[in-house]
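Geometric and topological summary
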Amino acid sequence: VLTIPEYREFLEKNPNLKSYVEEMEFSQAPNPFDFYYMEATQLLAEALERSTLGREEPSAALNAAAQKANALLDSVPRNQ
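So, a few notes on the structure that sits alongside this text. (Residues numbered from 1 in each chain as written. Predicted model: local features only at pLDDT ≥ 70, side-chain atom pairs only at ≥ 80, totals over all residues. Heavy atoms only, no water.)

**Quick notes on helix H3 (residues 37-52)**
The end-to-end C-alpha distance of H3, which contains 16 residues, comes to 22 Å, matching closely the 22 Å that a straight helix rising 1.5 Å per residue would cover. Inspection of H3 places Leu43, Ala47 and Ser51 among the buried residues, and these make up the whole buried set. Taken around the axis of H3, the buried residues stretch over an arc of 60°, which confines them to a single face. Exposed residues pointing more than 90 degrees away from the buried face of H3 are listed as Tyr37, Met38 and Thr52. Looking at the buried residues of H3, the elements they touch are helix H4 (58-74). Gly54 sits one or two positions beyond H3 and adopts a positive phi of about 75°. (Helix = DSSP H or I, 4+ residues; strand = E, 2+ residues; numbered from the N terminus. Expected span 1.5 Å × (residues − 1). Buried < 20%, exposed > 50% of the residue type's maximum accessible area, 1.4 Å probe, protein only. Arc of directions from axis to C-beta. Contact = heavy atoms within 4.5 Å.)

So, in C-alpha coordinates, the structure goes:
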(Lines give C-alpha, C1' and ligand atoms only; values in the text may rest on other atoms or scores of the structure.)
Protein backbone atom coordinates (compact mmCIF):
# COMPACT_ATOMS: atom_id res chain seq x y z
CA VAL A 1 0.00 0.00 0.00
CA LEU A 2 2.85 2.34 0.77
CA THR A 3 3.94 2.27 -2.88
CA ILE A 4 0.67 3.76 -4.16
CA PRO A 5 1.20 7.50 -4.72
CA GLU A 6 -2.39 8.44 -3.84
CA TYR A 7 -2.20 6.52 -0.60
CA ARG A 8 1.13 8.06 0.30
CA GLU A 9 -0.45 11.46 -0.25
CA PHE A 10 -3.35 10.44 1.97
CA LEU A 11 -0.91 9.43 4.71
CA GLU A 12 0.91 12.75 4.42
CA LYS A 13 -2.40 14.48 5.10
CA ASN A 14 -3.22 11.97 7.89
CA PRO A 15 0.11 11.22 9.57
CA ASN A 16 -1.55 9.66 12.61
CA LEU A 17 -2.55 6.67 10.43
CA LYS A 18 0.92 6.02 9.07
CA SER A 19 2.07 3.85 11.98
CA TYR A 20 -0.91 1.51 11.52
CA VAL A 21 -0.08 1.01 7.86
CA GLU A 22 3.59 0.48 8.57
CA GLU A 23 2.78 -2.21 11.15
CA MET A 24 0.54 -4.17 8.74
CA GLU A 25 3.60 -5.99 7.47
CA PHE A 26 4.24 -7.46 10.92
CA SER A 27 0.77 -7.93 12.35
CA GLN A 28 -2.00 -10.37 11.71
CA ALA A 29 -5.44 -10.93 13.08
CA PRO A 30 -5.77 -13.90 15.38
CA ASN A 31 -7.54 -16.93 14.01
CA PRO A 32 -11.06 -16.95 15.40
CA PHE A 33 -12.41 -19.94 17.24
CA ASP A 34 -14.92 -21.44 14.86
CA PHE A 35 -16.76 -24.03 16.93
CA TYR A 36 -19.44 -24.42 14.26
CA TYR A 37 -20.32 -20.72 14.24
CA MET A 38 -21.50 -20.76 10.62
CA GLU A 39 -23.59 -23.90 11.11
CA ALA A 40 -25.21 -22.52 14.27
CA THR A 41 -25.92 -19.22 12.54
CA GLN A 42 -27.51 -21.08 9.62
CA LEU A 43 -29.73 -23.05 12.02
CA LEU A 44 -30.90 -19.82 13.63
CA ALA A 45 -31.52 -18.14 10.27
CA GLU A 46 -33.58 -21.11 9.05
CA ALA A 47 -35.61 -21.13 12.27
CA LEU A 48 -36.30 -17.41 11.95
CA GLU A 49 -37.34 -17.88 8.33
CA ARG A 50 -39.74 -20.72 9.15
CA SER A 51 -41.33 -18.78 11.98
CA THR A 52 -41.51 -15.52 10.03
CA LEU A 53 -43.21 -17.24 7.11
CA GLY A 54 -45.67 -18.95 9.45
CA ARG A 55 -44.42 -22.46 8.68
CA GLU A 56 -43.64 -23.17 12.32
CA GLU A 57 -44.37 -21.63 15.71
CA PRO A 58 -41.48 -19.34 16.71
CA SER A 59 -40.81 -21.09 20.01
CA ALA A 60 -40.77 -24.53 18.36
CA ALA A 61 -38.48 -23.37 15.54
CA LEU A 62 -36.05 -21.65 17.92
CA ASN A 63 -36.05 -24.56 20.39
CA ALA A 64 -35.26 -27.01 17.59
CA ALA A 65 -32.46 -24.76 16.32
CA ALA A 66 -31.09 -24.43 19.86
CA GLN A 67 -31.06 -28.20 20.34
CA LYS A 68 -29.19 -28.73 17.07
CA ALA A 69 -26.74 -25.90 17.80
CA ASN A 70 -26.12 -27.24 21.31
CA ALA A 71 -25.41 -30.69 19.85
CA LEU A 72 -22.83 -29.11 17.56
CA LEU A 73 -21.23 -27.21 20.44
CA ASP A 74 -21.22 -30.32 22.62
CA SER A 75 -19.15 -32.07 19.94
CA VAL A 76 -16.29 -29.58 20.39
CA PRO A 77 -13.48 -31.09 22.48
CA ARG A 78 -12.98 -29.31 25.79
CA ASN A 79 -9.66 -28.74 27.51
CA GLN A 80 -9.65 -30.63 30.77
